[in-house]
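What follows is each chain in one-letter form.
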Amino acid sequence: MRFTYKAVLLAAAASIATSAFAQDNELVVTATRLASPIERLPADVDVIDAEAAQSRGITNIADALADVPGLEVARSGGFGQQTSLFSGGANSNHTLVLFDGLQLNDPSTPGSSFDGGQDTLAGLDRIEIVQGPMSAVFGSDAIGGVINILPRRGQDGPMQARLDIGGGSFGALNASAGIDGSYGALRYALTAEGYVTDGYDLVPERMSTRTGHADGAESSTFTGIFDIDVTEALTLDLLIRHRQARADFDAFIYPPPTFNEQRADDADLEIAQNDLSVARVGVTWRLNEVLELRATTGALRQDRREEDGGVSTSSYEGQRDFGDVTLQWRPRRLGAFENVGVIAGYETQSEEVDIDQGFAIVIAEQDHQGAFVTAQGDIGRVTLTGAVRVDDYEGFGEEATWRAGASIDVLANVRVYGAYGTSFRAPTLYERFIYFGDPNLAPERGEAWEVGGDGRFAAFAREDGLEFGLVYRRQEITDLIDFGPFFTYVNIDAADIESAEATLTLRPLAWLSGRIAYTHTQAEDATTGAALLRRPENTWNVSVDATRGAFKGQIGWRHIGDRADQIYGNDGFYQGVGVTPAYELFRASLAWAASENVQLYVASENLTDVEHEPVNGFAGAPQTLSVGIRLRR
């Protein structure tokens, strides 16, 4: 496969990638399962601070992820609509999404992918994104990367209260209330949040089938985190999260006489139920200063139902029960190595689905076990990490994966790193047991290597006046599951993916900073050379942030390049695979701290009101304005 090396040179010249030094000394847990300084990890890591995102008027996870280099967020309309996450150019079902380490990927969907369109930010602390193969750490689905959504936790001290209220275009209203703190040995964090919008017509204006009928959505979520120190060595914890959501959507019809697929408005279609519940109980036993044992058990349940005029047309129910035991050893020093950490674990899962699509029913279950070890340590200026994992699935047997990486500080504030890893995605219950499936499908398998570098330099009379980074990744995925010559699921496809990412951060003044991020992705079918769908070759994100006294402002620009997709003409009829044109969006936000406990904000998305289609046939959001107040005590 040919790669556009001009793009790599451009990326290098622009000083690229997610700069680990952008969050100097910040600890992340997702890359190795061990809390580690971000600037020492041989991995492509981003961290999104939920509080900072909300101050810019961002209320949901999909919008918060949209500026992450290398992560394509493909939303089929506005809030509440199907949203796919393509990490590092891989398929959307190759992105593993976690909630505090719990797998969220929906077992009832055909590809077991995560839908990022319904979840809001208020109950969260941050989101960690690690791109590249991560199956050796987390198992199936982590071919393209891992997104770990981390909730806010209670800290020692008096109760803190939060209240956010906002509203905006298309009848949008959002509100959240939460408390967190401690009471004796008990720490707690509780958040209730909701979002509702009248929406807009999801059929693009260019189509003759558009009627202007708005497609609304709503979502409500409760999150509770509790932990209590039973003794100095023993802690019990409980996590609960429940989300209820619904959304209108529009149709794809097959009108006579040609019965060709056509995109059309339909006021009666809705996802009447899109509920997600997760619960986990855990116990942590600190055996001594360097050894910690932890055990958890819990469950995930996903319930989704589609209706037409109040009559159910399809339903998807999925449940995943799980349990795990991990042993963490942090001796800190071991021979010539410092900051040593090792974690070993055993996991077990049981999945069940009950799917009724009207034309087909799937009722099935499967069990799975996995064991893993990850380790890391520093020797001089070098940080080494490694992971190995073996998974055993009821359907196809064992699958072993591994990952190794090294990061070298070549100067005080400059490093280079490299990593290699293997990965896999297990075939879903739908792919195995639908009438056109195959119970004996093999897993999809990937392998990838990446090299990168990042640094921080003095400039503009500041020690951190300039930051840059570099990441280049090559990935090969084989045994992809798709329809074969007899219209049944088979392991038939393969993909080659190459990508380069770039960021450059400048801080010319104490109150002013700017950031440029560029990503070049070339994702192709390994056999035909055809571009993989919905992965733009070029994306740009530019932002300027200013903080003056009580005011914080941001202006941003996003360019999403041409990309292959399923194309629908201006008459709404399907035309085959083609190219969806590029688009550019501007956004701006301003926040004012009226007092220590009160913040007001105003934000606007798509400032120039550009007509665009993130997914062909689905209108992107027009110009929107939102205002809100955030109270803290």
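Bear in mind the structure is a predicted one, so any value in this text is a computation, not a measurement.

(A) Just the side chain of serine 135, in detail. Tracing the backbone shows serine 135 in helix H4 (residues 135-138). Residue class for serine 135 comes out buried when judged on its relative accessible area of 0%. For serine 135, the residues in contact, after removing those within four places along its chain, are Ala142, Ile143, Arg389, Thr401, Thr422, Ser423 and Phe424.

(B) Summary view of the sheet that holds strand E3 (residues 44-49). Taken together, the 5 strands give an open sheet; going across it, the order is E3-E8-E9-E6-E7, and neighbouring strands pair in mixed fashion. Each edge of the sheet is formed by a strand with only one pairing partner; in this case those strands are E3 and strand E7 (102-103).

(C) Up close: the packing of aromatic side chains. Tallying each qualifying case throughout the model produces 17 aromatic pairs. Between phenylalanine 252 and phenylalanine 618, the ring centres sit 5.8 Å apart and the planes meet at 55 degrees, which makes this aromatic pair tilted. Placement of phenylalanine 252 in strand E15 (residues 251-253) and of phenylalanine 618 in the loop between strand E34 (598-605) and strand E35 (624-632) is noted, with a sequence separation of 366 residues between them. Overall, the relative accessible area of 28% leaves phenylalanine 252 in the partly exposed class. Seen in terms of ring centroids, tyrosine 393 and phenylalanine 424 are 6.1 Å apart; in terms of plane orientation they differ by 80 degrees. Their pairing is edge-to-face. Highlighted residues: tyrosine 393 in strand E22 (residues 382-393) and phenylalanine 424 in strand E24 (residues 414-425), separated in sequence by 31 residues. For the residue pair tyrosine 393 and phenylalanine 424, the accessibility class agrees, reading buried in each case. Among the aromatic residues, those joined into a ring-pair cluster are Tyr430, Tyr435, Phe436, Phe483 and Tyr489.

(D) Examining the environment of proline 42 more closely. Structurally, proline 42 can be placed in the loop between strand E2 (36-37) and E3. Distance in space between the C-alpha atoms of proline 42 and glycine 418 is 6.0 Å, their sequence separation being 376 residues.

(E) Inspection of the confidence of the model for the chain at higher detail. Averaged over the chain, the pLDDT score is 94; the fraction of residues at 70 or greater is 96%. Contacts of residues 1-22 to residues separated by more than four positions or lying in other chains number 72 contacts, the stretch itself having pLDDT below 50.

(F) How the structure looks around the pattern of salt bridges. In total, this model carries 49 salt bridges according to the counting rule given. For arginine 126, the salt bridge identified is with glutamate 26, shortest N-O distance 3.4 Å. Here arginine 126 is found in strand E8 (residues 124-131), whereas its partner glutamate 26 is found in the loop between helix H1 (5-14) and strand E1 (27-28), with 100 residues between them in sequence. Arginine 126 sits in the buried class, given a relative accessible area of 16%. Looking at glutamate 26, the relative accessible area reads 23%, which means it is partly exposed. Among the salt bridges present, the one from arginine 243 reaches aspartate 119, with a minimum N-O distance of 3.2 Å.

(G) Local environment of the pairing of E35. Of the pairings in the sheet, the one linking strand E10 (residues 160-168) to E35 comprises 7 bridges and is antiparallel in character. The partner of glycine 166 across the bridge, within E35, is glycine 628. Direction of pairing for E34 relative to E35: antiparallel, over a ladder of 8 bridges. Across the sheet, the residue bridging to alanine 603 is serine 626, located in E35.

(H) Structural detail: the nonpolar core. Judged by nonpolar contacts, the single largest core of 30 residues is most densely connected at Leu65, Leu104, Ile127, Ile147 and Ile149. The set of elements that each furnish at least two residues to this core consists of helix H2 (50-55), helix H3 (61-65), strand E4 (71-75), strand E6 (95-99), E8, strand E9 (145-151) and strand E17 (269-286). The element best represented in this core is H3, accounting for 4 residues. Among all residues touching isoleucine 147, those that are not within four sequence positions of it are Leu65, Leu71, Leu85, Thr95, Leu96, Val97, Leu98, Ile127, Glu128 and Ile129.

(I) Region of interest: the pairing of E17. Across 12 bridges, the pairing between strand E14 (residues 234-248) and E17 is antiparallel. Within the sheet, the bridge partner assigned to aspartate 237 lies in E17 and is glycine 282. The sheet contact formed by E17 and strand E18 (residues 291-308) spans 17 bridges and is antiparallel. Following the sheet pairing, valine 283 is matched in E18 by alanine 295. In textbook terms, the turn of a hairpin is the stretch between consecutive antiparallel strands, and for E17 and E18 this stretch comprises 4 residues.

(J) Spotlight on the environment of tyrosine 346. Tracing the backbone through its elements, the reader meets tyrosine 346 in strand E20 (residues 337-356). Judged by relative accessible area, tyrosine 346 falls into the partly exposed class, the value being 44%. In this structure tyrosine 346 touches Gly323, Asp324, Val325, Gln369, Gly370, Ala371 and Phe372, once residues within four positions along its chain are discounted.

(K) Spotlight on the side chain of serine 84. Structurally, the position occupied by serine 84 is in strand E5 (residues 83-87). For serine 84, the contacting residues outside a window of four places in its chain are Glu72, Val73, Ala74 and Ser92.

(L) View of a nonpolar patch on the surface. Taken together, the side chains of Phe551, Leu590, Trp592, Leu600, Val602, Leu625 and Val627 present a nonpolar region at the surface, about 570 Å² in accessible area. Broken down by secondary-structure element, the contributors of at least two residues to the nonpolar patch are strand E33 (583-595), E34 and E35. The exposure class of leucine 625 is partly exposed, given its relative accessible area of 47%.

(M) Geometry of empty space enclosed by the protein. Tallying each qualifying case throughout the model produces 6 cavities of 30 Å³ or more. In this structure, the second largest cavity encloses a volume near 140 Å³. Across the lining of the second largest cavity, the residue classes tally to 6 nonpolar, 6 polar and 3 charged.

What counts, and at which threshold
- Residues numbered from 1 in each chain as written.
- Predicted model: local features only at pLDDT ≥ 70, side-chain atom pairs only at ≥ 80, totals over all residues.
- Heavy atoms only, no water.
- Helix = DSSP H or I, 4+ residues; strand = E, 2+ residues; numbered from the N terminus.
- Buried < 20%, exposed > 50% of the residue type's maximum accessible area, 1.4 Å probe, protein only.
- Contact = heavy atoms within 4.5 Å.
- Pairing = 2+ DSSP bridges.
- Phe/Tyr/Trp six-rings, centres within 6.5 Å; stacked < 30°, edge-to-face > 60°.
- pLDDT = per-residue confidence, 0-100.
- Salt bridge = Lys/Arg side-chain N within 4 Å of Asp/Glu carboxyl O.
- Core = buried A, V, L, I, M, F, W, Y, C linked by side-chain atoms within 4.5 Å.
- Patch = residues over 30% accessible without salt bridge, like charges linked within 9 Å, V, L, I, M, F, W, Y side chains within 5 Å.
- Areas by Shrake-Rupley, 256 points an atom, 1.4 Å probe, with all protein chains shown as cover.
- 1 Å grid on protein atoms, 1.4 Å probe; cavity = no way out; pocket = protein on both sides within 12 Å on 5 of 7 lines; lining within 4 Å.
- Points joined across faces, edges and corners; volume = space filled by probe spheres on them.
- Nonpolar A, V, L, I, M, F, W, Y, C, P; charged D, E, K, R; others polar.

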